[in-house]
Amino acid sequence: MLVLVRRLGKIYGVNITTFGGPFKLFVSILTCQRWTFLLVLLVLHAQKATAGFERIALPPRVLARALSPSYAGDVESLLLNPSAIAALQSLYVCAFHSPSPFDLSQLSNGGVFAASPLKFFNVGLAVTTTGFSLYRELTATATLAKELDGRFFIGCNINCDYLAIANYGTAYAVGIDVAASVQVTDDLRWGFSLLNVNRPTIGELNDELPQVYLTGISCELLTTASLFLTIVKDVRYPASGRMGVEFSPYEIVSVRFGLSDEPSRYIGGIGIHYSSVSVDYAVATHLELGLTHSFGISFWI
């Protein structure tokens, strides 16, 4: 099976040999699994990671913008940009679930976010999970953020990443994200994020978790429409671009579109708002794999 996985990895541009001993042992343990599990193994690492823990478990509002964070304005972007909660004025809670990314239930992911303003700074908590009973990634995140003189925002995430592989064992790592953003004008925000800036490793072979830089802008083109442009750079790979658009044709409806390269994906979504509650949906395409659906609900208190 390992030879087969390597061959499939070449087709998708994934170097299986970089995954180390734990991955090879994991494959050998699961030689009796069905063909779809081969795809699961590939997709788990298809986002250019050697040790997993990609930031793919995200709410549909962020997914529909091609994973473009909204700097200092969108609580649901906190896993990509911890300064996003610095301008928060009241308690915010969000829950989301993606049942079968790429039409594979083994990649099911979801999570819960909560953020609240305090006297001197804002705080957030998030728990996200990806996988199933044989392979599970769990991340708990604590966020601190602060607004400086109304135009500058800073934030920090502390992530505890926990990995469990059936019949093999568990491992964990602690990563740190830092971010800052600026309200350049009333309609334009710019920011950057450094994910896993401390270069955490996991497992006995000390596999490095992805270290990623993001920078971009969010711009209000109209009172009802916003544009998001982001450049993403994994330290080991070429930079990729993302673009998202969100507009509200009606007061209670938001429509979102996004696209990205590396890999090329097209994404769309919709949100329905009533009072302090919002229900969101997003769907993403993939050139080789199936669709990804994501559902979420959020509310202000």
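Heads up: these notes are all about the structure in this document.

So, how was this worked out
Residues numbered from 1 in each chain as written. Predicted model: local features only at pLDDT ≥ 70, side-chain atom pairs only at ≥ 80, totals over all residues. Heavy atoms only, no water. Pairing = 2+ DSSP bridges. Helix = DSSP H or I, 4+ residues; strand = E, 2+ residues; numbered from the N terminus. Contact = heavy atoms within 4.5 Å. Core = buried A, V, L, I, M, F, W, Y, C linked by side-chain atoms within 4.5 Å. Buried < 20%, exposed > 50% of the residue type's maximum accessible area, 1.4 Å probe, protein only. Phe/Tyr/Trp six-rings, centres within 6.5 Å; stacked < 30°, edge-to-face > 60°. Salt bridge = Lys/Arg side-chain N within 4 Å of Asp/Glu carboxyl O.

### As for the pairing of strand 12 (residues 240-250)
The side chains of a regular strand alternate, residue by residue, between the two faces of the sheet. Sheet analysis places strand 11 (residues 225-234) next to strand 12, joined by eight bridges and oriented antiparallel. Looking at strand 12, one finds that Ser 226 is bridged to Glu 246. Sheet topology places strand 12 next to strand 13 (residues 253-260); seven bridges connect them, and they run antiparallel. From the neighbouring strand, Tyr 250 faces strand 13, where its bridge partner is Val 253. If you look at the hairpin formed by strand 12 and strand 13, you'll find two residues sitting between the two strands.

### Thoughts on the environment of Met 243
Within the fold, Met 243 resides in strand 12. The residues contacting Met 243, other than those within four sequence positions of it, are Arg 65, Ala 66, Ser 68, Leu 227, Phe 228, Leu 229, Phe 257, Gly 258 and Leu 259.

### Regarding the nonpolar core
Formed by 29 residues in total, the largest nonpolar core has its most connected members in Val 75, Leu 78 and Phe 113. The element that contributes the greatest number of residues to this core is strand 1 (residues 92-98), accounting for three residues. With residues near it in sequence (within four places) discarded, Phe 113 still touches Pro 59, Val 75, Glu 76, Leu 78, Leu 79, Tyr 92, Val 93, Cys 94, Phe 96, Leu 125, Ala 126 and Thr 128. Phe 53, Tyr 135, Ala 171 and Leu 209 belong to the second-largest nonpolar core, a separate cluster that totals 10 residues.

### Things to note about the pairing of strand 16 (residues 292-300)
As judged from the six bridges shared by strand 1 and strand 16, these two strands associate in the antiparallel manner. Along strand 16, the bridge assignment pairs His 97 with Phe 295. Strand direction decides the pairing type here: strand 15 (residues 277-284) and strand 16, joined by eight bridges, are antiparallel. Pairing of Val 279 across the sheet is with Ile 297, part of strand 16.

### Some details on the packing of aromatic side chains
In the structure shown here, the tally under the stated rule is five aromatic pairs. On the numbers, 4.5 Å between centres and 65° between planes, the contact of Tyr 92 with Trp 300 is edge-to-face. Taken together, the residues span a long stretch of sequence, with Tyr 92 in strand 1 and Trp 300 in strand 16 at a distance of 208 residues. Taking relative accessible area as the criterion, Tyr 92 reaches 2% and is therefore assigned buried. A centroid spacing of 5.2 Å and a plane angle of 40° characterise the contact between Tyr 281 and Phe 295, whose relative ring orientation is tilted. Here Tyr 281, found in strand 15, pairs with Phe 295, found in strand 16; they are 14 residues apart in sequence, far enough to count as distant. Overall, Phe 295 belongs to the partly exposed group, its relative accessible area being 43%.

### Quick word on the pattern of salt bridges
In a structure, side chains of opposite charge can pair up when their charged atoms sit close to one another. The full count for this structure, using the stated rule, is eight salt bridges. Arg 61 is the partner of Asp 280 in a salt bridge, and the nearest nitrogen-oxygen pair spans 3.6 Å. Of this pair, Asp 280 sits in strand 15 while Arg 61 sits in helix 4 (residues 60-63), and the two are 219 residues apart along the sequence. One exposure class covers both Asp 280 and Arg 61, and it is buried. Of the charged contacts, one joins Arg 199 and Glu 208 as a salt bridge, the two residues approaching to 3.1 Å between their closest N and O atoms. Taken together, the shared-partner salt bridges connect Arg 61, Arg 65, Glu 76, Glu 246, Arg 256 and Asp 280 into one network.

### Comments concerning unusual backbone geometry
Located in the positive-phi region is Asn 196, a residue other than glycine, with phi close to 55°. Backbone geometry places Ser 275, a non-glycine residue, at a positive phi of 55°. Looking at the element boundaries, Ser 275 is found in the loop between strand 14 (265-274) and strand 15. A relative accessible area of 73% means that Ser 275 is categorised as exposed.

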